[in-house]
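Observations on the model geometry
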Amino acid sequence: MAANKQVREFISKSGVKHWEIALRLGISEQTLVRWLRVPLSEHREALIISAVNAIVKEGQSCRM
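Quick look at the structure, then. Please read these numbers as outputs of a predicted model, since none were measured by experiment.

So, how was this worked out
- Residue numbers run consecutively from 1 along every chain, following the written order of its sequence.
- Reporting of local features is limited, given that this is a predicted model, to residues whose pLDDT is at least 70; pairs of side-chain atoms are given and counted only at 80 or more, and all residues count toward the totals for whole chains, interfaces and linings.
- Each side-chain value is worked out from all heavy atoms of the structure, with water and hydrogens disregarded.
- Secondary structure elements follow DSSP: runs of H or I of four or more residues count as helices, runs of E of two or more count as strands, with numbering from the N terminus.
- What the globule rule says is 2.2 Å times the number of residues to the power 0.38, and the radius of gyration is computed from C-alpha atoms.
- A 1.4 Å probe rolled over the protein chains alone gives each residue an accessible area, and that area as a share of the maximum for its type sets the label: buried under 20%, exposed over 50%, partly exposed in between.
- Whether two residues are in contact is decided by their heavy atoms: any pair within 4.5 Å suffices.
- Salt-bridge detection follows one rule: a side-chain nitrogen of Lys or Arg within 4 Å of a carboxyl oxygen of Asp or Glu.
- Whenever a helix is involved, its axis is fitted only over the stretch in contact; in every case the axis is a line through C-alpha atoms, and angles between N-to-C directions fall within 0 to 180 degrees.
- These descriptions rest on fixed angle ranges, namely under 35 degrees for roughly parallel, over 145 for roughly antiparallel, 65 to 115 for roughly perpendicular, and the rest for oblique.
- Think of it as three bins: nonpolar holds Ala, Val, Leu, Ile, Met, Phe, Trp, Tyr, Cys and Pro, charged holds Asp, Glu, Lys and Arg, and polar takes everything else, Gly as well.
- In plain words, nonpolar cores are sets of buried Ala, Val, Leu, Ile, Met, Phe, Trp, Tyr and Cys residues tied together by side-chain atoms within 4.5 Å.

Looking now at the overall build of the protein chain. Of regular secondary structure, the protein chain possesses four helices and zero strands. The order of α-helices and β-strands along the protein chain, N terminus first, is α-α-α-α. By the compact-globule yardstick of 11 Å for 64 residues, the protein chain fits well, its C-alpha radius of gyration being 11 Å. Each of the three principal axes of the protein chain carries a C-alpha extent, and together these read 30 × 20 × 20 Å. When each of the 64 residues of the protein chain is scored for burial, the buried share is 31%. In the protein chain, 68% of the contacts between residues at least 6 apart in sequence involve partners at least 24 apart.

If you want it as structure tokens, here you go:
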């Protein structure tokens, strides 16, 4: 089973791209992908969820 399944599903359902989350967090997209490969700390999970929610709220996601 993939690590962070719930977080990955949340990101997928939101329509927010990995690069958008990474930009919001001030990290590279590759760093975000590496974070998602292993179980996240509560802190990192909260950061990612917060970033996704903020992007969706602001309507900044590049949905296609």
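Turning to the pattern of salt bridges, a few remarks are in order. Oppositely charged side chains can form a pair if their charged atoms are brought close together. Inspection of the entire model under this criterion finds one salt bridge. A salt bridge links Arg 24 to Glu 58; the nearest nitrogen and oxygen atoms lie 2.9 Å apart. With Arg 24 in helix H2 (residues 18-25) and Glu 58 in helix H4 (residues 42-58), the pair connects residues that are 34 residues apart, well separated along the chain. The class of Arg 24 is partly exposed, set by a relative accessible area of 36%.

Turning our eyes to something else, we now look at the packing of H2 against helix H3 (residues 29-37). Running from amino to carboxyl end, H2 crosses H3 at an angle of 105°, the nearest separation of the two axes being 8 Å. Relative to H3, the element H2 is oriented roughly perpendicular. Residues His 18, Trp 19, Ile 21, Ala 22 and Leu 25 of H2 form the contact with H3, whose own contacting residues are Glu 29, Leu 32, Val 33, Trp 35 and Leu 36. When the residues that make up the contact of H2 with H3 are grouped by side-chain class, the tally is eight nonpolar, one polar and one charged.

The subject of this paragraph is the nonpolar core. Among the nonpolar cores identified, the biggest contains 13 residues, and Ile 11, Ile 21, Leu 32, Leu 36 and Ile 48 are the most heavily contacted of them. Secondary-structure elements contributing two or more residues to this core are helix H1 (5-14), H2, H3 and H4. Counting residues per element, this core draws most heavily on H4, which supplies four residues.

Quick look at the packing of H2 against H4 now. Taken N-terminus to C-terminus, the directions of H2 and H4 make an angle of 105°; their axes are 9 Å apart at the nearest point. On the basis of their axis angle, the class for H2 and H4 is roughly perpendicular. Each of Glu 20, Ile 21, Arg 24 and Leu 25 in H2 lies in contact with H4, whose residues at this interface are Leu 47, Ile 48, Ala 51, Val 52, Ala 54, Ile 55 and Glu 58. Here the contact of H2 with H4 is composed, by residue class, of eight nonpolar, no polar and three charged.

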